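# Structural characterization, general
These are the residues of each chain, in order.
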Amino acid sequence: MEPVILTTERLILRPPAPGDARAVLAACQDPDIRRWTAVPSPYLPEHARAFVGVYVPEAWAADTEYVFGAYLAEEAAAGGPERREGPFVAMLGLKVRGQDTVEIGFWSVKEHRGRGHVTEAARALCRWAFTDLGAARVEWRAGVGNTASRAVAERCGFVQEGVLRQALVSGGTRHDAWIASLLPQDAPH
């Protein structure tokens, strides 16, 4: 699939590009991102460059995962109608899990947490999954105890389904995972 750009009231969502490597590197120094995701630890410049320069474009081209960076949308100078891209605030992705099913994942830049950006972006990605990808189900998984991620999923309308035993690997260790799903009729409009 060709990469797309989505917009929300406050955000521009687009695939991260090589110019975003520095911002991704800085964000992934956060111990909470390393704790709750599968990013390498320590997270080095070569990891960020490979992620934005190789992994993201290859995943889009292969239709295996659709990765989006979320950026604040700022008004253009001199009152122009166009919005321009502001600071990087989050990373989100929809990974293809099977016929008509994708799994959403996300993390937020520490300095931008608590402002509803990830919820806003996740809702937009779920709508896009149902309308443009033809998904019948969006799944969410997170390590048991990741209450911030769970709160985002709940605000998006995900219905909790249970615990998957030892389903996630982080830091070389297996962890239990919460799982929830969103169906088209569940999604807030």
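Residues numbered from 1 in each chain as written. Predicted model: local features only at pLDDT ≥ 70, side-chain atom pairs only at ≥ 80, totals over all residues. Heavy atoms only, no water.

## Describing the overall build of the protein
Our working rule: Comment: elements are numbered from the N terminus, with helices defined as DSSP H or I runs of at least four residues and strands as E runs of at least two. Remark: exposure states derive from per-residue accessible area (1.4 Å probe, protein chains only) relative to the maximum for the residue type, with buried under 20%, exposed over 50%, and partly exposed in between. When checking whether two residues touch, look at their non-hydrogen atoms; a contact exists if any pair is within 4.5 Å. Each accessible area value is a Shrake-Rupley result obtained with a 1.4 Å probe; residue values ignore everything except the protein chains displayed when judging cover.
What the protein contains, in helices and strands, is 5 helices and 8 strands. The N-to-C order of helical and strand elements in the protein reads β-β-α-α-α-β-β-β-α-β-α-β-β. By its C-alpha atoms, the protein is 55 × 40 × 35 Å across when sized along the principal axes. The buried share among the 189 residues of the protein stands at 43%. Taking the intrachain contacts of the protein between residues at least 6 apart in sequence as the baseline, contacts between residues at least 24 apart amount to 60%. Accessible area of the protein: about 9,700 Å², with a carbon and sulfur share of 53%.

## Here we look at the packing of aromatic side chains
As a reminder of what qualifies: Centres within 6.5 Å make a pair out of two Phe, Tyr or Trp rings, where for Trp the six-membered ring is used; the pair is then stacked when the planes are under 30 degrees apart, edge-to-face when over 60, and tilted otherwise.
Here the structure, examined in full by the defined rule, presents 9 aromatic pairs. Between Y66 and W128 the ring centres are 5.6 Å apart and the planes differ by 85 degrees, which places this aromatic pair in the edge-to-face class. Here the residue Y66 occupies a position in strand β3 (residues 65-75), and W128 occupies one in helix α4 (residues 117-131), the gap between them amounting to 62 residues. In terms of burial, Y66 and W128 fall into one category: buried. Plain terms: the ring middles of F88 and W107 are 5.9 Å apart, the flat faces sit at 90 degrees to each other, and that makes the pair edge-to-face. Taken together, the positions of F88 in strand β4 (residues 83-98) and W107 in strand β5 (residues 101-108) put the pair 19 residues apart, joining distant regions of the chain.

## Re the sheet that holds strand β8 (residues 173-182)
The strands that make up a sheet pair up through hydrogen bonds in the backbone, lying either parallel or antiparallel. Cut-off, in case you're wondering: Two strands are said to pair when DSSP picks up at least two bridges between them. Angles shown run from 0 to 180 degrees and are taken between the N-to-C directions of axes, each axis being a line fitted to C-alpha atoms and, for helices, limited to the stretch in contact.
Taken in spatial order, the 8 strands of this open sheet run β1-β2-β3-β4-β5-β6-β8-β7, and their pairing is mixed. Only two strands of the sheet have a single partner each, and these edge strands are β1 (6-7) and β7 (159-170). Here 2 bridges tie β1 to strand β2 (residues 11-14), and the two strands are oriented antiparallel to one another. Pairing of L6 across the sheet is with L13, part of β2. Most of the contacts of α4 go to β4, to which it runs at about 50 degrees, and overall it touches β1, β2, β3, β4, β5, β6 (137-143) and β8.

## Remarks on the side chain of E120
Heads up, the rule is: Polar contacts, as counted here, are pairs of nitrogen or oxygen atoms within 3.5 Å of one another; within protein the pair requires one atom able to donate a hydrogen and one able to accept it, and residues that are adjacent in sequence qualify only if both atoms are side-chain atoms.
Mapped onto the elements, E120 comes out in helix α4. Overall, the relative accessible area of 15% leaves E120 in the buried class. A polar contact is formed between the side chain of E120 and the side chain of R10, at a distance of 2.6 Å. When neighbours within four sequence positions are excluded, E120 is seen to be in contact with T8, E9, R10 and L11.

## What about the pairing of β7?
When β7 meets β8, the two strands line up antiparallel, connected through 8 bridges. Paired with V163 across the bridge in β8 is W178. Two successive antiparallel strands, β7 and β8, enclose a turn made up of 2 residues, where G171 displays a positive phi of approximately 60 degrees.

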